[in-house]
Each structure stands twice: as structure tokens, then as C-alpha cells.
Amino acid sequence: MNIALIIAGGSGQRMNQDIPKQFLNVQDKPIIIYTLEAFQKHPMIDAIEVVCLDGWHEILWAYSKQFGITKLENIVSGGENGQGSIRNGIFDIRSRHGENDIVLIHDAIRPMVSEEIISDCIRVSTINGNAISVIPCAEAMLCTDDGETSEKQIARDNLKRTQTPQGFRLGDIAEAHKEALDRGITNSVASCTLYVELGRKLYFSIGSEKNVKLTTPDDIEIFKALLNSKKADWMK
């Protein structure tokens, strides 16, 4: 089976909104529903789980019923940080699914994830045990010690910009989280960085510049522009 784990535990402080950013309405639909619809519509996704802020579970269940998210299997509370939230979701999924099932961990605030990105993440995860959605680094990259000046660059050919989904065999990612706890690793910023901290090899799957993460009001404007563009222009 292929299970999508949607991480929706953030409070959205950078949006300057009282409502968590994943629940902001864009064209009469919450952002998180656009994300859930991408996985709902994908023929290879069998189930969906969401890690959600406390106080929003019932609202999300109601939205899911309203918008036909029939694959939603469970909603669990977030943890003390991003790593804790992912761990909560992984351990809950593991209580119902097999060790060799694939779980795709995805940000709720990446609503423009395409079918192609999801498919490739599943493909690479199935072959190699994990898959990190990445895009090339097109910009010149500079190193700085003081945040204001630089005298050194990093070769961009050796860099990848990571996105989600990030796919893993369920048993592997659950064991990684257990090992991290045992080793005192408690605040890794993403699943891919957790694997790096544990010394594990990662494999790449395709991402897209359009798979934008909505963290600022400017990102919302980009999202609206993409929604208003023709499907053929962005769903490639």
C-alpha cells in the first residue's frame, strides 16, 4: 500500500493570520484541501493520514467530508516540533499498516504537488526504500559567517533543493525515528535531514518549481496565479 502522511501542524505565524496557514481559504477552499485532493485523486495512493494542530481535527474531518476526501483514514495531533509531528504520524500509521508499505510524507502547505511528482516518489521509494523530491539549484550559492558578507561560494552542481513528498518504507522510517530518539536527535528539520544525521543514504525523485511551499503572503499570491493559469501550463 501507499499511504500519504500530510503534515499540518504549523501555526502560520509568518502569514500574520489568526487562522493556521493550511486552513486559509483560497478561492473558497482551504489550502489543505487542495493538498488532500492531489493525493485523493492519485490512483496509486491508498490511504491518507493527517497530523493536525489540536483544536482543528473536527474542522478537518468536516472539510474532508464536504470535499470528498474519502481516503482520509485518521487524524492525529502534532508533536513538540516537526520531527515529533512526523513521528506521531508514522507510529500511528505503523499500528495499522505493513512494514513494507510506502509512506509519502508531505507538507500540507504544498498544495500544487502534481501527479507526476507523487508517482515518481512512489516509484523510487519502492525500488530504493526512500525517495526525496528535489529540484536543481539554479542560483549562485554563497557562504557567509556573519550573515552580511561572503568570500566563498558552493558549487551549485553539487546542490539539490529538497521538497516534499519524501517517501520511505514504513518500517525503515519508523525504525529511524526510534533510533533518533535513542541517540538524542530530536529536532531534525525534515525527514531527509534525519536520515543524513543517522548516516543513511538518500535517493532522489523529481520535484518542480511549481511545487511551492506556502510560507509567506507572497507565496499565496503565487499560488493564486498558478490556480488561475491553465492546467496544461502547470500540471506538467
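What counts, and at which threshold
- Residue numbering note: each chain is counted from 1, following its sequence as written.
- Since the coordinates come from a predicted model, pLDDT governs what is reported: local features require at least 70, and pairs of side-chain atoms require 80 or more to be given and counted, while whole-chain, interface and lining totals use all residues.
- Water and hydrogen atoms were dropped before computing side-chain values, which therefore reflect all heavy atoms in the structure.
- Only protein chains enter the calculation, and the probe is 1.4 Å; a residue is then buried if its accessible area is under 20% of its type maximum, exposed if over 50%, and partly exposed in between.
- Helix numbers and strand numbers start at the N terminus; a helix is a DSSP run of H or I with at least 4 residues, a strand a run of E with at least 2.
- Each pair of strands is called paired provided DSSP finds at least two bridges between the two strands.
- Nine residue types can take part in a nonpolar core, namely buried Ala, Val, Leu, Ile, Met, Phe, Trp, Tyr and Cys, and a core is a set of them joined through side-chain atoms within 4.5 Å.
- Fitted lines through C-alpha atoms serve as axes, helices being fitted only where they are in contact, and the angles separating the N-to-C directions of these axes extend from 0 to 180 degrees.
- For this classification, under 35 degrees means roughly parallel, over 145 means roughly antiparallel, 65 to 115 means roughly perpendicular, and everything else is oblique.
- Here a crossing is taken to be left-handed if its near helix is turned anticlockwise relative to the far helix by less than a right angle, and right-handed if that turn runs clockwise.
- Any two residues whose heavy atoms approach within 4.5 Å are treated as being in contact.
- Under the grouping applied here, Gly and all other residues not named as nonpolar or charged are polar, the nonpolar ones being Ala, Val, Leu, Ile, Met, Phe, Trp, Tyr, Cys and Pro and the charged ones Asp, Glu, Lys and Arg.

## Quick word on the pairing of strand S2 (residues 47–52)
Thought 1: For S2, the buried fraction is high: 6 of the 6 residues fall into the buried class.
Thought 2: Judged from the 6 bridges that link them, strand S1 (residues 2–8) and S2 form a sheet pairing that is parallel. Note on S2: the bridge partner recorded for Leu5 is Glu49.
Thought 3: Bridge count for S2 against strand S3 (residues 72–77) is 5 bridges, and the pairing is parallel.

## Quick notes on the nonpolar core
Thought 1: Within the largest apolar cluster, 27 residues are counted, with the highest numbers of intra-cluster contacts made by Ile32, Leu36, Phe39, Ile48 and Val50.
Thought 2: For this core, the secondary structure elements donating two or more residues are S1, helix H1 (31–41), S2, S3, strand S4 (102–107) and helix H4 (115–128).
Thought 3: If you look at the next biggest cluster of nonpolar residues, it comprises 24 residues, including Val51, Ile93, Ile185 and Cys192.

## Observations concerning the packing of H1 against helix H2 (residues 57–66)
Thought 1: Interaxial distance between H1 and H2 falls to 11 Å at its minimum, and their mutual angle equals 55°. Put simply, H1 runs oblique to H2. Seen along the crossing, H1 lies across H2 with a hand that is right-handed. Touching Ile32, Ile33 and Leu36 of H1 are Leu60, Tyr63 and Ser64, all from H2.
Thought 2: For the contact of H1 with H2, the class distribution of residues is 5 nonpolar, 1 polar and no charged.

## Thoughts on the sheet that holds strand S9 (residues 204–206)
Thought 1: If you trace the 7 strands from one edge of the open sheet to the other, you get S3-S2-S1-S4-S8-S5-S9, paired in mixed fashion. Looking at the sheet topology across the chains shown, the edges are occupied by S3 and S9. The mean inter-strand angle of the sheet, taken between neighbouring strand axes irrespective of direction, is 30°.
Thought 2: Of the strands in this sheet, S1, S4, strand S5 (130–136), strand S8 (160–169) and S9 touch H4, which is tilted by about 60° from S8.
Thought 3: Against the sheet, helix H5 (residues 170–182) engages S4 and S8, with an angle of about 110° to S8.

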